[in-house]
Amino acid sequence: MGESTGSTFAERLNRSLDAAGLKQADLIRAAGARGQKLGKSQVSQYVSGKTLPRPRVMRLLAELLNVDERWLAAGEGPAASGAPTATDGSGPAAPSSAAATASAASAFAAAPPTPARAAARPETAAPFPSSTAASESALQSGPGPRSTQRSTPMREFKKSTKLDNVLYDVRGPVADEAARMEDEGLRILKLNIGNPAPFGFRTPDEVVTDMRQQLPDCEGYSDSKGLFSARKAIMQYAQLKHIPNVSMDGIYTGNGVSELIQLCMNALLDTGDEILIPSPDYPLWTACATLAGGTPVHYVCDEEAEWNPDLADLESKITTNTKAIVIINPNNPTGAVYPREVLEQIVEIARRHGLMIFSDEIYDRLCMDGVEHISIASLAPDLPCVTFSGLSKSHMIAGYRIGWMILSGNKRCMRDFIYGINMLSNMRLCSNVPAQSVVQTALGGYQSVERYVEPGGRIYEQREYVYKALNEIPGISAVKPKAAFYIFPKMDVERFNITDDEQFALDLLHEKRILITRGGGFNWGKPDHFRIVYLPRMEVLHEALTDLADFFAHYRQG
Ligand code: PLP
């Protein structure tokens, strides 16, 4: 009969971590090194005692910590697995720290080089075989005394501190937890990523045929800005959008708009430079501005005003360090499309304060209800503007990775910035050439996407349904999106007692197996919103909305 400790799983887990000198992040890395996924929030839920792992994960934890699985799960039997136990006299045996460290260290070779841990680790557990004469001689590269038996603890390789404040929650901890649940064999309904293909939105046949035909000619690098044919088609598109002062050398293709956002932020921002970004935003903008060393400053978009930017708030946040305004129009996550008057006022503010304008217009061909999309650059011939778009959404080829940016307006004042852009563009050699080869086909002629966004079309009808169904749920309200395929509903936080939107997302995931993205993932300051991607087919959406209504009928965070 095994020994029962009377302690909880969380206590045993914490004790095992302490004994092994490991942090939660070490455990996640160790699991990763074994090809197993453990999410940050998942581990923190275990440690805080909120969730118990499933058997497969329990086994993994026990292995990583080198403790007995039965002891970890139920407090039965000795703690250590296959190693002498160290008892502290105060209760059941804690896991052998040496053995646990050895296990985890050998799993991910990243033990922090603290003297205590170095001492605890047996030589055989050294991450590199430096304890053998053969490997020592191979590793020794210079003169000096040869250390015979002493193994050098391997330093820990930490991520760059540049990433400390970077947030990209669309694929964050809640998505990690969903992936873990899928590994367990559970079916998760993913309403979190705007990726059309998995929901049956197919690339137009003509695009696929043309790519196939051109593949043999796409083997080499192209000009770093892109193929002539692609850039010419983009230039003609810019003409149709009335964007002034565009020339071929002001058009750059990228591996998606994503690459070009990063490139621009790196080219523009120095430490201390500020850039105005909407809240809520598509979080890549904030992430890239932060990574580039700049300071993102969020201006509020006003739900009461159809999610248009609050211009007073925007202007009040301009300082002498502000270099640029970012707008996302049509907007992800709100689905707003900014009217001409709003755009004109943003241009006026940029003009008054001498700011560049970056406009992310990747959803410009997905407008509904006859709403006209206006490129802000068309209203700002005297200002430095960069307009972004691509084929990921309008042509349902997110996986091909093709986007572009168009420099327009006042190019004189951005000469040095352009120099930086060219440098970075050359450094990445070029964007995916096969994907560039279909830009001309995609932008010209019949646009099949138009069918999706008119009455009777999938995106239109799915929006109608989701908008209505959400607003029928007591405690939930949502502004009707005018474009794209996202909706950003508001929760009555008092009614549901919600103080933590990540917890809400996890609770929904655990109970209904629906994955959404919390509002905080879009740099929204309050825990009162979430985003739904309404790309799934109507039947699936119907099931999801029924489940959501059921969830909110009883949910109280606590
Ligand atoms: N900009 C916005 C507003 C987006 O929503 C997305 C993707 O969801 C992107 C840019 C990235 O697009 P791409 O696939 O071209 O990198």
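Residues numbered from 1 in each chain as written. Predicted model: local features only at pLDDT ≥ 70, side-chain atom pairs only at ≥ 80, totals over all residues. Heavy atoms only, no water.

Side note on the overall build of the chain
Across its full length, the chain carries 23 helices and 15 strands. Of all 558 residues assigned to the chain, the portion counted as buried reaches 54%. The contacts of the chain with a sequence gap of at least 6 include a subset with a gap of at least 24, amounting to 72%. Carbon and sulfur atoms form 51% of the exposed surface of the chain, whose accessible area is close to 24,300 Å². (Helix = DSSP H or I, 4+ residues; strand = E, 2+ residues; numbered from the N terminus. Buried < 20%, exposed > 50% of the residue type's maximum accessible area, 1.4 Å probe, protein only. Contact = heavy atoms within 4.5 Å. Areas by Shrake-Rupley, 256 points an atom, 1.4 Å probe, with all protein chains shown as cover.)

Quick look at the sheet that holds strand 15 (residues 530–533)
Ordered in space as 11-15-14, the three strands form an open sheet in which the pairing is antiparallel. Because the sheet does not close on itself, it has two edges, and the strands there are strand 11 (486–487) and strand 14 (517–518). In terms of strand pairing, strand 11 meets strand 15 through two bridges, oriented antiparallel. Each bridged residue has a counterpart across the sheet, and for Ile 487 the counterpart in strand 15 is Ile 532. (Pairing = 2+ DSSP bridges.)

What to know about helix 12 (residues 256–268)
Helix length check: helix 12 (13 residues) gives 19 Å between terminal C-alpha atoms against 18 Å at 1.5 Å per residue, within 8%. Among all positions in helix 12, only Gly 256, Val 257, Glu 259, Leu 260, Ile 261, Leu 263, Cys 264, Met 265 and Leu 268 are buried. (Expected span 1.5 Å × (residues − 1).)

Section: the sheet that holds strand 7 (residues 356–360)
Taking strand neighbours across the sheet as the criterion, the eight strands line up as 2-9-8-7-6-3-4-5 in an open arrangement whose pairing is mixed. Of all the strands in the sheet, just strand 2 (251–254) and strand 5 (308–309) have a single pairing partner and so form its edges. Running at roughly 35° to strand 2, helix 16 (residues 415–427) makes contact with strand 2, strand 7, strand 8 (384–390) and strand 9 (403–409) of the sheet. (Axes fitted to C-alpha atoms, helices over the stretch in contact; angles between N-to-C directions.)

A short note on a nonpolar patch on the surface
On the surface, Tyr 419, Met 423 and Met 427 cluster together to form a nonpolar patch covering roughly 390 Å² of accessible area. Mapped onto the secondary structure, Met 423 falls in helix 16. Judged by its relative accessible area of 47%, Met 423 is partly exposed. (Patch = residues over 30% accessible without salt bridge, like charges linked within 9 Å, V, L, I, M, F, W, Y side chains within 5 Å. Salt bridge = Lys/Arg side-chain N within 4 Å of Asp/Glu carboxyl O.)

Remarks on the site of the ligand
Residues in close proximity to the ligand total 13 residues, the closest being Val 257, Ser 258, Asp 360, Tyr 363 and Ser 392. Note that an oxygen atom of the ligand is positioned 2.5 Å from one of the side-chain N or O atoms of Ser 258. A distance of 2.6 Å separates a nitrogen atom of the ligand from a polar side-chain atom of Asp 360. The leading source of residues in the shell around the ligand is helix 12, at three residues. Here the residues of the shell around the ligand sort into six nonpolar, four polar and three charged. (Near = heavy atom within 4 Å. Polar contact = N/O pair within 3.5 Å; in protein donor to acceptor, adjacent residues only side chain to side chain. Nonpolar A, V, L, I, M, F, W, Y, C, P; charged D, E, K, R; others polar.)

So, empty space enclosed by the protein
A complete count under the given rule lists two cavities of 30 Å³ or more for this structure. Considered as a void within the structure, the second largest cavity measures approximately 50 Å³ in volume. Looking at the second largest cavity, the residues that line it are Tyr 237, Lys 241, Ile 243, Glu 361, Asp 364, Ser 375, Thr 387, Phe 388, Ser 389, Trp 404 and Ile 406. Among the secondary structure elements, those contributing two or more residues to the lining of the second largest cavity are strand 8 and strand 9. Taken together, the residues of the lining of the second largest cavity sort by class into five nonpolar, three polar and three charged. (1 Å grid on protein atoms, 1.4 Å probe; cavity = no way out; pocket = protein on both sides within 12 Å on 5 of 7 lines; lining within 4 Å. Points joined across faces, edges and corners; volume = space filled by probe spheres on them.)

Brief notes about the pattern of salt bridges
Where side chains of opposite charge bring their charged atoms close, a pairing between them can arise. Evaluated as defined, the whole model comprises 30 salt bridges. We note a salt bridge from Glu 543 to Arg 187, for which the minimum N-O separation is 3.3 Å. Residue Glu 543 is found in helix 23 (residues 538–554), and its partner Arg 187 is found in the loop between helix 9 (173–183) and strand 1 (189–190); the two are separated by 356 residues along the sequence. With relative accessibility at 40%, the residue Glu 543 sits in the partly exposed group. On the basis of relative accessibility, which here comes to 59%, the residue Arg 187 falls in the exposed class. For Asp 364, the salt bridge identified is with Arg 365, shortest N-O distance 2.8 Å.

Here we look at the confidence of the model for the chain
Per-residue pLDDT for the chain has a mean of 86; in total, 86% of the residues score no lower than 70. Predicted confidence for residues 83–145 stays below pLDDT 50, and this span has 102 contacts to residues more than four positions away or in other chains. (pLDDT = per-residue confidence, 0-100.)

Some words on the environment of Gly 390
Checked against the element boundaries, Gly 390 lands in strand 8. As for Gly 390 and Val 439, which are separated by 49 residues in sequence, their C-alpha atoms are 8.8 Å apart. Residues contacting Gly 390, with those up to four places away along its chain left out, are Val 257, Ile 362, Arg 365, Ile 402, Gly 403 and Trp 404.

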